[in-house]
Amino acid sequence: MDDGQLLAQVARGDGRAFRDLYERFADRVFRFALTLLRNRHLAEDVVQETMVAVWKGAGSFTGRSRVSTWIFGIARHQAYRALRDEAKGERIPEERGEEADPCRAVEREVRVQRAVAELPPEQREVVFLAFYEHLPYAEIARVQGVPEGTVKSRMFHAKKRLAEVLRS
Amino acid sequence: MTCDQARGLIPLYAARALSESDGAGLIEHVSRCTVCQTELVEAMQLGHELRATFGRLPGAPEGTWLSVAARTVGMPLLQVDLGSEMAGLSLNVGATRTGTPITGSLSILGREVPVLRI
Ligand SMILES: [Zn+2]
């Protein structure tokens, strides 16, 4: 069953379908939020709020984008709300603990992780959605609510920066 | 395809997010252009590393589902899963608080047999 069919069942109030949808997306949304917020507690909140919104709003999904685009759009909205709260003074403690276990990961991988962490949030998003979620630019543009050209330029700058850091 | 156009598509190709026809056009260009070839190899290497890096991040904590369920389909009050210890036999009893019927099922080698409905 594809994501769209599953979501249609969720829209009819099917709890088992919702559980399946949760299984498909929870880890991905968590990683997306973690990439943006770098804080596990907030990332967990984002998963919760996103999935509750998916349950409530499943009927409003129009099918004009991919289901994953729709869900990551909601997750992004939730994540930025957390970032705005931080700007208002509720400081989000950044965790340094997300770096891979040095015993398991080669030094190069730790460097990739650091290089991603140092990108501006919008570029981090693009990199995650393109390389981990395989979303095309048009879908990423929908998630971010910007023109496709903006996504392209964010990708261009992110790739340039990552290549520089990793080459040095 | 010009080098500029190719450069625009390379990150997408490396992210495996390019349509087949665009991909074919890109490969056609790259097979004749060593500069873009180098770019593509670098981008694919980077793509591979990024996927590995994101894939190594932890997943959502175990308890998250319970919090979500409590606000949507109803809180499971009881969950018994005998799982693999009994060779393909698992008993799953779920009870919810929000009017959803209390159900129980026995799963034998993956086939669900309802055993309880209140
Ligand atoms: Zn070229």
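Residues numbered from 1 in each chain as written. Chains lettered and ligands numbered in written order. Predicted model: local features only at pLDDT ≥ 70, side-chain atom pairs only at ≥ 80, totals over all residues. Heavy atoms only, no water.

> For the domain arrangement of chain A, give the residues involved together with the corresponding values.
All names here are of chain A. We note that the domain assignment places domain 1 (1-95) and domain 2 (98-168) within chain A. Taken together, the contacts link 18 residues of domain 1 with 17 residues of domain 2. Across the interface of domain 1 and domain 2, roughly 1700 Å² is buried in total on both sides, 54% from carbon and sulfur atoms. For the interface between domain 1 and domain 2, the tally reads two salt bridges. Along the contact surface separating domain 1 from domain 2 lie ten residue pairs in polar contact (both at pLDDT 80 or more). Elements with a minimum of two residues in the side of domain 1 that touches domain 2: α2 (15-37) and α4 (67-87). By residue class, the composition of the side of domain 1 that touches domain 2 is five nonpolar, five polar and eight charged. (Domains from an automatic or database assignment. Contact = heavy atoms within 4.5 Å. Buried area = accessible area lost by both parts, 1.4 Å probe. Salt bridge = Lys/Arg side-chain N within 4 Å of Asp/Glu carboxyl O. Polar contact = N/O pair within 3.5 Å; in protein donor to acceptor, adjacent residues only side chain to side chain. Helix = DSSP H or I, 4+ residues; strand = E, 2+ residues; numbered from the N terminus. Nonpolar A, V, L, I, M, F, W, Y, C, P; charged D, E, K, R; others polar.)

> Go over the interface of chain A and chain B with me, naming the residues and quoting the values.
With 41 residues of chain A in contact, the opposing surface of chain B contributes 32 residues. Taken over both partners, the interface formed by chain A and chain B buries close to 3600 Å², and the fraction arising from carbon and sulfur atoms is 67%. Contact with chain B buries area across many residues of chain A, yet Phe131(A), His134(A) and Lys159(A) alone supply 18% of it, more than any other trio. Linking chain A with chain B are two salt bridges. For Glu39(B), the salt bridge is made with Lys159(A), and the minimal N-O distance between the two is 3.6 Å.

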